[in-house]
Amino acid sequence: MTNTTNHIWHPFTQMQLADAPIHISHGKDALLFDTDGNEYIDAISSWWVNIHGHANEAIAKAIAEQALQLEQVIFAGFIHTPAIQLSERIIQLLNNHFSKVFFSDNGSTAVEVAVKMALQYWHNKGVTGKTKILALENGYHGDTFGAMSVGGRSAFNAPFENHLFETIYIPTPTADNIDDCLKMIADAAKTGTVAGFIFEPLIQGSGGMIMYEPEHLEAMIREAKSHDIICIADEVMTGFGRTGKLFAIDYIDTKPDIICLSKGLTGGFMPMGLTVCTEDIYNAFLSDDRKKTLFHGHSYTANPLACAAALASIKLVNHDRKSDIIAIKLSHANFIHEIKDHPAIKDVRHRGTILAIEFKTPEDTSYFNSFRDRAYKYYISRGVLLRPLGNVVYIMPPYCITIEQLDKVYSVLKQSLTDLTTHTAQ
Ligand code: PMP
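Residues numbered from 1 in each chain as written. Predicted model: local features only at pLDDT ≥ 70, side-chain atom pairs only at ≥ 80, totals over all residues. Heavy atoms only, no water.

Caption draft 1: Here's a closer look at unusual backbone geometry. The backbone of Asn-138 sits at a positive phi, close to 65 degrees, despite the residue not being glycine. Within the element layout of this structure, Asn-138 appears in the loop between strand 5 (132-136) and helix 5 (145-150). A positive phi is found at Phe-240, a non-glycine position, where the angle reads about 65 degrees. (Helix = DSSP H or I, 4+ residues; strand = E, 2+ residues; numbered from the N terminus.)

Caption draft 2: A look at the packing of helix 2 (residues 57-67) against helix 9 (residues 304-319). Taken N-terminus to C-terminus, the directions of helix 2 and helix 9 make an angle of 150 degrees; their axes are 8 Å apart at the nearest point. With respect to helix 9, the axis of helix 2 lies roughly antiparallel. The crossing of helix 2 and helix 9 is right-handed. On helix 9, the residues touching Ala-58, Ile-59, Ala-62, Ile-63, Gln-66 and Ala-67 of helix 2 are Pro-304, Leu-305, Ala-308, Ala-309, Ala-312, Ser-313 and Leu-316. A breakdown of the residues in the contact of helix 2 with helix 9 according to their chemical character gives 11 nonpolar, two polar and no charged. (Axes fitted to C-alpha atoms, helices over the stretch in contact; angles between N-to-C directions. Parallel < 35°, antiparallel > 145°, perpendicular 65-115°, else oblique. Left-handed = near helix turned anticlockwise from the far one by under 90°. Contact = heavy atoms within 4.5 Å. Nonpolar A, V, L, I, M, F, W, Y, C, P; charged D, E, K, R; others polar.)

Caption draft 3: Main features of the site of the ligand. Residues in close proximity to the ligand total 13 residues, the closest being Gly-107, Ser-108, His-141, Asp-234 and Lys-263. A distance of 2.7 Å separates a nitrogen atom of the ligand from a polar side-chain atom of Asp-234. One of the side-chain N or O atoms of Lys-263 is found 3.2 Å from a nitrogen atom in the ligand. Here the ligand, which alone exposes 390 Å², has 83% of that area covered by the protein. Per-class residue counts for the shell around the ligand are four nonpolar, six polar and three charged. (Near = heavy atom within 4 Å. Polar contact = N/O pair within 3.5 Å; in protein donor to acceptor, adjacent residues only side chain to side chain. Areas by Shrake-Rupley, 256 points an atom, 1.4 Å probe, with all protein chains shown as cover.)

Caption draft 4: Molecular detail of the packing of aromatic side chains. Counting across every chain of the model gives 11 aromatic pairs. Ring centres of Tyr-378 and Tyr-379 lie 5.5 Å apart, and the angle between their planes is 90 degrees; this geometry places the pair in the edge-to-face category. Like Tyr-379, Tyr-378 is buried. A network of ring pairs unites the aromatic residues Phe-12, Trp-47 and Phe-156 as a single cluster. Taking NZ or CZ as reference, Lys-100 lies 4.4 Å from the ring centre of Tyr-282, over its face. (Phe/Tyr/Trp six-rings, centres within 6.5 Å; stacked < 30°, edge-to-face > 60°. Buried < 20%, exposed > 50% of the residue type's maximum accessible area, 1.4 Å probe, protein only. Lys NZ or Arg CZ within 6 Å of the ring centre and 35° of its normal.)

Caption draft 5: Inspection of a nonpolar patch on the surface at higher detail. A contiguous nonpolar surface patch, about 400 Å² in accessible area, is contributed by Phe-12, Trp-47, Phe-156 and Phe-368. The residue Phe-12 is located in the segment before strand 1 (24-28) in this model. (Patch = residues over 30% accessible without salt bridge, like charges linked within 9 Å, V, L, I, M, F, W, Y side chains within 5 Å. Salt bridge = Lys/Arg side-chain N within 4 Å of Asp/Glu carboxyl O.)

Caption draft 6: Seen up close, the environment of Glu-235. With respect to the helices, strands and loops of the structure, Glu-235 is situated in the loop between strand 10 (230-234) and strand 11 (258-261). Owing to a relative accessible area of 1%, Glu-235 belongs among the buried residues under this scheme.

Caption draft 7: Expanded view of the sheet that holds strand 14 (residues 354-359). Taking strand neighbours across the sheet as the criterion, the three strands line up as 13-14-16 in an open arrangement whose pairing is antiparallel. In this open sheet, the two strands that pair with only one neighbour each are strand 13 (345-351) and strand 16 (392-395). Sheet twist, expressed as the mean angle between neighbouring strand axes with direction ignored, is 15 degrees. By the bridge criterion, six bridges tie strand 13 to strand 14 in an arrangement that is antiparallel. For His-350, the partnering residue across the bridge sits in strand 14 and is Leu-355. (Pairing = 2+ DSSP bridges.)

Caption draft 8: Summary view of helix 10 (residues 322-339). Across its 18 residues, helix 10 extends 26 Å between first and last C-alpha, which sits within 8% of the 26 Å expected from 1.5 Å per residue. All of the buried residues in helix 10 are Ile-325, Ile-328, Ser-331, His-332, Phe-335, Ile-336 and Ile-339. Along the long axis of helix 10, the arc covered by the buried residues comes to 140 degrees, so they all point the same way. Away from its buried face by more than 90 degrees, helix 10 exposes Lys-322, Ile-326, Leu-330, Asn-334, His-337 and Glu-338. Looking at the packing, one finds that the buried side of helix 10 touches strand 13, strand 14, strand 16 and helix 12 (403-422). (Expected span 1.5 Å × (residues − 1). Arc of directions from axis to C-beta.)

Caption draft 9: Seen up close, the nonpolar core. Among the nonpolar cores identified, the biggest contains 98 residues, and Ile-90, Phe-197, Met-209, Met-220, Val-276 and Tyr-379 are the most heavily contacted of them. Looking at this core, the element that brings in the most residues is helix 12, giving seven residues. Among residues more than four places away in sequence, those in contact with Ile-90 are Val-101, Phe-240, Leu-261, Leu-265, Leu-274, Val-276 and Ile-314. In terms of nonpolar packing, the next biggest core, distinct from the first, is built from 27 residues, Met-117, Val-150, Ala-195 and Cys-277 among them. (Core = buried A, V, L, I, M, F, W, Y, C linked by side-chain atoms within 4.5 Å.)

Caption draft 10: Fine view of the pattern of salt bridges. On inspection of all chains with the given rule, the structure shows 15 salt bridges. The salt bridge involving Lys-377 is made with Asp-19; its shortest N-O contact spans 3.5 Å. With Lys-377 in helix 11 (residues 371-381) and Asp-19 in the segment before strand 1, the pair connects residues that are 358 residues apart, well separated along the chain. The closest approach of N and O atoms between Arg-349 and Asp-347, which form a salt bridge, is 2.8 Å.

Caption draft 11: Representation of the pairing of strand 14 in the model. Most of strand 14 is tucked away: six of the six residues are buried. By the alternation rule, side chains of strand 14 split into Ile-354, Ala-356 and Glu-358 and Leu-355, Ile-357 and Phe-359, which are all buried. As consecutive antiparallel partners, strand 13 and strand 14 are separated by two residues, and within that stretch Gly-352 has a phi angle of approximately 60 degrees, a positive value. As judged from the four bridges shared by strand 14 and strand 16, these two strands associate in the antiparallel manner. Within strand 16, the residue paired with Leu-355 across the bridge is Ile-395.

Geometric values such as these leave the question of function open.
Have a look at this one:
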């Protein structure tokens, strides 16, 4: 079989510089197998989605059974059992704080819908001027225009800068700057222009696995809510156990008004995004006036196969994976203890199943740090799929990863601390 692709344009890839992609023939649990017979431990759950690893039988079976029943139906004017069950399950998992689930196809669209809900909420209520969104610096919320607009400004969205709407940024909170962050929220609110506040709770993923404390998240949400700012938690990455609890907002008492879910939702089997909101948000769209409708929808909204996959995946997270998540969390903590004083490390960060190591490099910390390409090749040639964000190497394994597989990932990572910083190995 060939590795060359004549007609495919890969995501986030400079095609002129890219090596031939690895042709994967199949996967099982935490392993991926290529057509040349090599195997790789998928230590990043294939862009953070495959929380149960690959080819999980329970999810595959649920999709197959659903496919023989109903594969798709228009979701305006029609409803189906998998969507009813999934919406009920999601609301229940979120402790009934929210009341409505809006379906879309991926993380970016879940965010687009959330931002539209926040902006239109004020529009529908006849409040003029609340047109801006507050967001965290270094945030990443997706690649569609609204999601880019509320993400941190970077080389990713620079070509589109003139087309992005204005967003007010505040820094990622720390013990040192939290008072300033709260003041910035209050000052922004005083202008009367802020409709909503979007954030990745506790971990800013694509920005470099930047982590912050629940108490600071809680303080920011409380401040924003005290000024009638709609709070949107983008849990596209953190949802479904990643942070050690089912959702990152389970670490705090003051809940947001809207939460975005995707990635782990279907265990990596089907694309799906959910925007879940409170009764108050929903009520602002109820009217005799059809112009107050949320005019948003996608062809595959609430696809029954995706709903069936999500229901099966949630069942696994809730019943079978709790102890696996705790084991990974403890195992990461032990590994950190072992390596934390290594001179090649600038910083180590850890929450739940996510471990990030920031390497000391001659270049500044950045996605474009040249360390990235060397490191990616180093790990893949040793049978481990790790996809560093510049000089930040992180592990975000499927919950089914075995102790032996995790130990192999640690051992390759540990060796790389020496090999990749002394430039002796490739
Ligand atoms: N929000 C967050 C926090 C994300 O990490 C991502 C993807 N990395 C997105 C939104 C966008 O999700 P998608 O790639 O499914 O559009």
